[in-house]
Amino acid sequence: MTDDLKIDLHTHSTASDGTLAPRELAKKAKAAGLSAIALTDHDTTAGLAEFLDECGKIGIEGISGVEISAQFSKEMHIVGLFVDENDTVFKEKLDNLRDAREVRNKKILDLARENGFDITENDIISQKNGATLRNTGRAHIARAMIKKGYVQSVEEAFAKYLKKGCSCYVKRVTYSPRECIEIIKAAGGTAVLAHPIFISENYDELYTIIKELKEYGLDGIECYYNCYTKKFAGICKRICAELDLAQSGGSDFHGANKPDVEIGKVSENYVPYRVLLNIKERRGL
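Residues numbered from 1 in each chain as written. Predicted model: local features only at pLDDT ≥ 70, side-chain atom pairs only at ≥ 80, totals over all residues. Heavy atoms only, no water.

Enquirer: Got a minute to help me understand the overall build of the protein chain in this structure?
Expert: Across its full length, the protein chain holds ten helices and eight strands. Radius of gyration (C-alpha) of the protein chain: 18 Å, near the 19 Å computed for a compact globule of 285 residues. Across its three principal directions, the C-alpha atoms of the protein chain cover 55 × 45 × 40 Å. Looking at the protein chain alone, contacts between residues at least 24 apart form 73% of all its contacts between residues at least 6 apart. Just so you have it, the protein chain exposes about 12600 Å², and 48% of that area is on carbon and sulfur atoms. In the protein chain, the 40 positive side-chain charges and the 43 negative ones have mean positions that sit 2 Å from each other. (Helix = DSSP H or I, 4+ residues; strand = E, 2+ residues; numbered from the N terminus. Rg over C-alpha atoms; globule rule 2.2 N^0.38 Å. Contact = heavy atoms within 4.5 Å. Areas by Shrake-Rupley, 256 points an atom, 1.4 Å probe, with all protein chains shown as cover. Lys, Arg positive; Asp, Glu negative; His and termini not counted. Charge placed at Lys NZ, Arg CZ, Asp CG, Glu CD.)

Dropping the structure here:
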């Protein structure tokens, strides 16, 4: 029975703000009993080659993915599944975001120093192999704050200094929701709205937003996530049914940067393989 098979279609590696290397992420997924896993790093596909190679070696289904932040009044992220990481235009669009990430990180470090924190660029890039200010983010700055003794946890760093409205917050340069979806679709990907619980928990409001996103080409919604209530999961599944969208989902695993989130674990226990089968069917696979 495919429903006995567990999958995770939303994870992160050291190529963005996770703490496991892509190869180690694949191994952890295998050890956790997953049958399929997607690597969906923020604004980059740099870890996919290593990740997919390891998935092939250990016998787990690996899916090429990405997560792109959209310009919206609340937190909106679009996950791309089955993207062609070698698509020239796709790579160029992601490069633009990483350039903007570097500028943002420098501004955050300037603000941190203005607020009395002795945090340097080296404190950030020394945290992982191949790190630059183009592939790191606020989680790495938070961990530098922990190491220097300014805060006790990543959560405290965000709550006091790094989240929107705080003294060290800098707005990100992002694409519009429509652009995010079009970028993913042009690279052959399936566009999925990630964790809509951070947008709204109101059915009517969420339905209106997602209906518009579907007009731009949205293919699915994450109906499984690490912090959904049963009621909210039901709202997502209802909207999928009413708008003929695919269900998707995953843990949003980041390793030590989100220590309470386990790979493959969501609020409904796990994401069943039939979710991936449906996405494949819609892709004609």
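Enquirer: What exactly am I supposed to notice about the sheet that holds strand E6 (residues 220–224) here?
Expert: Within a sheet, adjacent strands bond to each other through the backbone by hydrogen bonds, running parallel or antiparallel. Spatial strand order, E7-E6-E5-E4-E3-E2-E1-E8: eight strands in an open sheet with mixed pairing. Taken across any chain shown, the strands that pair with only one partner, and hence form the sheet edges, are strand E7 (246–249) and strand E8 (271–272). Strands E6 and E7 of the sheet are contacted by helix H9 (residues 230–243), whose axis makes an angle of about 150° with E6. (Pairing = 2+ DSSP bridges. Axes fitted to C-alpha atoms, helices over the stretch in contact; angles between N-to-C directions.)

Enquirer: Is there a simple way to explain the pattern of salt bridges in this structure?
Expert: Two side chains carrying opposite charge are able to pair once their charged atoms lie near each other. Applying the stated criterion across every chain, the model contains 23 salt bridges. A salt bridge links Lys280 to Glu61; the shortest N-O distance between them is 2.5 Å. One end of the pair, Lys280, is in helix H10 (residues 273–282); the other, Glu61, is in strand E3 (residues 61–70), with 219 residues separating them in the sequence. According to the relative accessible area criterion, Glu61 is partly exposed, its value standing at 23%. In this structure, Lys237 and Glu268 form a salt bridge, with 3.1 Å as the shortest nitrogen-oxygen distance. (Salt bridge = Lys/Arg side-chain N within 4 Å of Asp/Glu carboxyl O. Buried < 20%, exposed > 50% of the residue type's maximum accessible area, 1.4 Å probe, protein only.)

Enquirer: Would you mind showing me how to read helix H6 (residues 154–162) here?
Expert: Think of an α-helix as 3.6 residues a turn; residues three or four steps apart then line up on the same face. Here H6 has its buried residues at Val154, Glu156, Ala157 and Leu162. Across the axial projection of H6, the buried residues extend over an arc of 155°, all falling on one side. The elements touched by buried residues of H6 are helix H3 (88–114) and helix H5 (138–147). (Arc of directions from axis to C-beta.)

Enquirer: In this structure, what is going on with the packing of helix H8 (residues 203–216) against H9? I would like to understand it.
Expert: The relative placement of two packed helices is expressed as an angle between their axes plus a distance between the axes. It is at 11 Å that the axes of H8 and H9 come closest, and there the two elements cross at 40°. When the interaxial angle is binned, H8 and H9 end up oblique. When you trace H8 past H9, the crossing you get is right-handed. Listed contacts from H9 to Tyr203, Leu206, Tyr207, Ile210, Lys211 and Lys214 of H8 are Phe232, Ile235, Arg238, Ile239, Glu242 and Leu243. (Parallel < 35°, antiparallel > 145°, perpendicular 65-115°, else oblique. Left-handed = near helix turned anticlockwise from the far one by under 90°.)

Enquirer: Is there a simple way to explain the side chain of Asn105 in this structure?
Expert: Structurally, the position occupied by Asn105 is in helix H3. When sequence neighbours within four positions are dropped, the list of residues in contact with Asn105 reads Leu133, Thr136, Gly137 and Ile141.

Enquirer: I'm lost on the environment of Leu94 in this one. Help?
Expert: Structurally, Leu94 can be placed in helix H3. When its relative accessible area of 2% is taken as the criterion, Leu94 is described as buried. Separated by 49 residues in sequence, Leu94 and Thr45 have C-alpha atoms that sit 8.5 Å apart. Setting aside residues no more than four positions away along its own chain, Leu94 makes contact with Asp43, Thr44, Thr45, Val66 and Ile68.

Enquirer: I tried to follow the pairing of strand E5 (residues 190–193) on my own but got confused; where do I start?
Expert: In summary, the side chains of a regular strand alternate between the two faces of the sheet. The alternating pattern of E5 places Thr190 and Val192 on one face and Ala191 and Leu193 on the opposite face, and all of these are buried. Note that strand E4 (residues 76–81) and E5 share four bridges and pair antiparallel. Residue Ile78 lies in a different strand from E5, and its bridge partner there is Leu193. As paired elements, E5 and E6 share two bridges and run parallel to each other. Looking across to E6, one finds that Leu193 is bridged to Ile221. With H8 bridging E5 and its parallel neighbour E6, the resulting β-α-β unit is right-handed. (Right-handed = clockwise from strand over helix to strand, strands pointing away.)

Enquirer: When you look at the packing of aromatic side chains in this model, what are you seeing that I'm missing?
Expert: Two descriptors summarise a pair of aromatic rings, namely the distance from one centre to the other and the angle between the planes of the rings. Taken as a whole and judged by the stated rule, the model has six aromatic pairs. When the ring of Tyr203 is compared with that of Tyr207, the centres are 5.8 Å apart and the planes differ by 35°; the resulting orientation is tilted. With Tyr203 and Tyr207 both in helix H8 and four residues apart, this pair spans about one turn of that helix. You can call Tyr207 partly exposed: its relative accessible area is 23%. Here Tyr228 and Phe232 contribute two aromatic rings whose centre-to-centre distance is 4.9 Å and whose plane-to-plane angle is 75°, an arrangement assigned as edge-to-face. Here Tyr228 matches Phe232 in class, with each residue buried. Grouped by ring-pair contacts, the aromatic residues Phe198, Tyr225, Tyr228 and Phe232 constitute a single cluster. Lying over the aromatic face of Tyr203, Arg238 brings its terminal NZ or CZ to 4.0 Å of the ring centre. (Phe/Tyr/Trp six-rings, centres within 6.5 Å; stacked < 30°, edge-to-face > 60°. Lys NZ or Arg CZ within 6 Å of the ring centre and 35° of its normal.)

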